[in-house]
Amino acid sequence: MVALWRCEICGDPYVGDEPPTNCPFCGAHRRYIKEAKKAVVNYDLLLNETDKANVEHALEVEVSNASFYFCAADKTDDAEGKLLFKALGKVEAEHASIWRKILKLPSVPQKKEECKSANQENLEESNRRETRAIGFYIKAAADASDSRIKQVFTALVEVETDHLRLSEERIKKK
Ligand SMILES: [Fe+2]
Ligand SMILES: [Fe+2]
Ligand SMILES: [Zn+2]
């Protein structure tokens, strides 16, 4: 039976017979996806200085990574690579919008990143970016005082780890 689901990380709704195994918007894993009526989603948080600084940094990371991926989706010289980078760009843009909501900014800041035409170089850059994001989110989750912030950082460690696997598999092929 078709039902309405909601991701507790990005807050977006999804219509389907079953809950998706990964949120189609932010990539959060299955355990964060609930029946819409039962989902607990809150972005109205009072953050201490450490959490606020980490959320501000997270926004910068996601904006930069989304911009890199959209550049790569456009320029990379591999048909499957274009699709991969488009998918990753959309997810990172969704992550940026989570942090934008928590920071109560009217819009996501813009940043223009460079990329290459060689797909392997873009995969290597993706690998470096995801590795940095994972390291940062692990530390931010460990340092978090606010339980909701800790939950979002933890969920995104998993998502960025999924992204890292995608580039790892493709870099090895060469
Ligand atoms: Fe991300
Ligand atoms: Fe990522
Ligand atoms: Zn989501």
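The model shown is predicted, which means the values in this text are computed figures rather than measured ones. (Residues numbered from 1 in each chain as written. Chains lettered and ligands numbered in written order. Predicted model: local features only at pLDDT ≥ 70, side-chain atom pairs only at ≥ 80, totals over all residues. Heavy atoms only, no water.)

### Description of the overall build of the protein chain
- Regarding its fold elements, the protein chain presents four helices and three strands.
- In the protein chain, the succession of α and β elements from N to C terminus is β-β-β-α-α-α-α.
- Referenced to the eigenvectors of the C-alpha coordinate spread, the extents of the protein chain come out at roughly 45 × 45 × 30 Å.
- In the protein chain, which comprises 174 residues, the share counted as buried stands at 49%.
- Considering only intrachain contacts with a sequence separation of at least 6, the fraction spanning at least 24 residues in the protein chain is 70%. (Helix = DSSP H or I, 4+ residues; strand = E, 2+ residues; numbered from the N terminus. Buried < 20%, exposed > 50% of the residue type's maximum accessible area, 1.4 Å probe, protein only. Contact = heavy atoms within 4.5 Å.)

### Considering the coordination of the iron ion (ligand 2)
- Those donors, Glu92 (OE), Glu130 (OE), Glu130 (OE), Glu160 (OE) and His163 (ND1), are the protein atoms that reach the iron ion (ligand 2), and they lie 1.9 to 2.3 Å from it.
- Of note, the donors binding the iron ion (ligand 2) are all from one chain and are spaced E-x37-E-x29-E-x2-H.
- Here the iron ion (ligand 2) and the iron ion (ligand 1) are spaced 4.0 Å apart, linked through Glu92, which binds each one. A residue pair is termed long-range when its members are at least 10 positions apart, and Glu92 in helix H2 (residues 79-103) and Glu130 in helix H3 (residues 119-143) qualify at 38 residues.
- Here Glu130 falls in the buried class, since its relative accessible area comes to 0%. (Donors = N, O, S within 2.8 Å, 3.2 Å for Na, K, Ca; no water.)

### Describing the pattern of salt bridges
- One pass over the full model with this rule turns up 14 salt bridges.
- Here Lys104 and Asp44 are joined by a salt bridge, their closest N and O atoms 2.7 Å apart. Of the two residues, Lys104 is situated in the loop between H2 and H3 and Asp44 in the loop between strand S3 (33-35) and helix H1 (49-75); the sequence distance between them amounts to 60 residues.
- Through salt bridges that share partners, Lys111, Glu113, Glu125, Arg128 and Arg129 make up one connected network. (Salt bridge = Lys/Arg side-chain N within 4 Å of Asp/Glu carboxyl O.)

### Some points on the coordination of the iron ion (ligand 1)
- Within the protein, the atoms that donate to the iron ion (ligand 1) are Glu62 (OE), Glu62 (OE), Glu92 (OE), His95 (ND1) and Glu160 (OE), at distances of 2.0 to 2.3 Å.
- When the donors of the iron ion (ligand 1) are listed by position in the chain, the intervening gaps give E-x29-E-x2-H-x64-E.

### Examining the packing of aromatic side chains
- Tallied over the full model, the rule gives eight aromatic pairs.
- Between Phe68 and Phe85, the aromatic rings sit 6.4 Å apart at their centres with planes inclined by 65 degrees, giving edge-to-face as the arrangement. Here the residue Phe68 occupies a position in helix H1, and Phe85 occupies one in helix H2, the gap between them amounting to 17 residues. Note on accessibility: Phe68 and Phe85 belong to one class, buried.
- An aromatic cluster is built from Trp99, Phe136, Tyr137 and Phe153, whose rings are joined through pairwise contacts. (Phe/Tyr/Trp six-rings, centres within 6.5 Å; stacked < 30°, edge-to-face > 60°.)

### Some words on the nonpolar core
- The biggest cluster of nonpolar side chains holds 36 residues, and the ones touching the most others in it are Ile9, Trp99, Ile102, Ile149 and Phe153.
- Going through the elements one at a time, strand S1 (3-7), H1, H2, H3 and helix H4 (147-172) are the ones with two or more residues in this core.
- Top element by residues in this core is H4. It accounts for eight residues.
- When sequence neighbours within four positions are dropped, the list of residues in contact with Phe153 reads Asn54, Val55, Ala58, Trp99, Tyr137, Ala140, Ala141 and Ala144.
- Core analysis: the next-biggest nonpolar cluster, separate from the first, contains ten residues, Ala72, Phe85, Leu88 and Leu123 among them. (Core = buried A, V, L, I, M, F, W, Y, C linked by side-chain atoms within 4.5 Å.)

In short, geometric facts, not functional conclusions.
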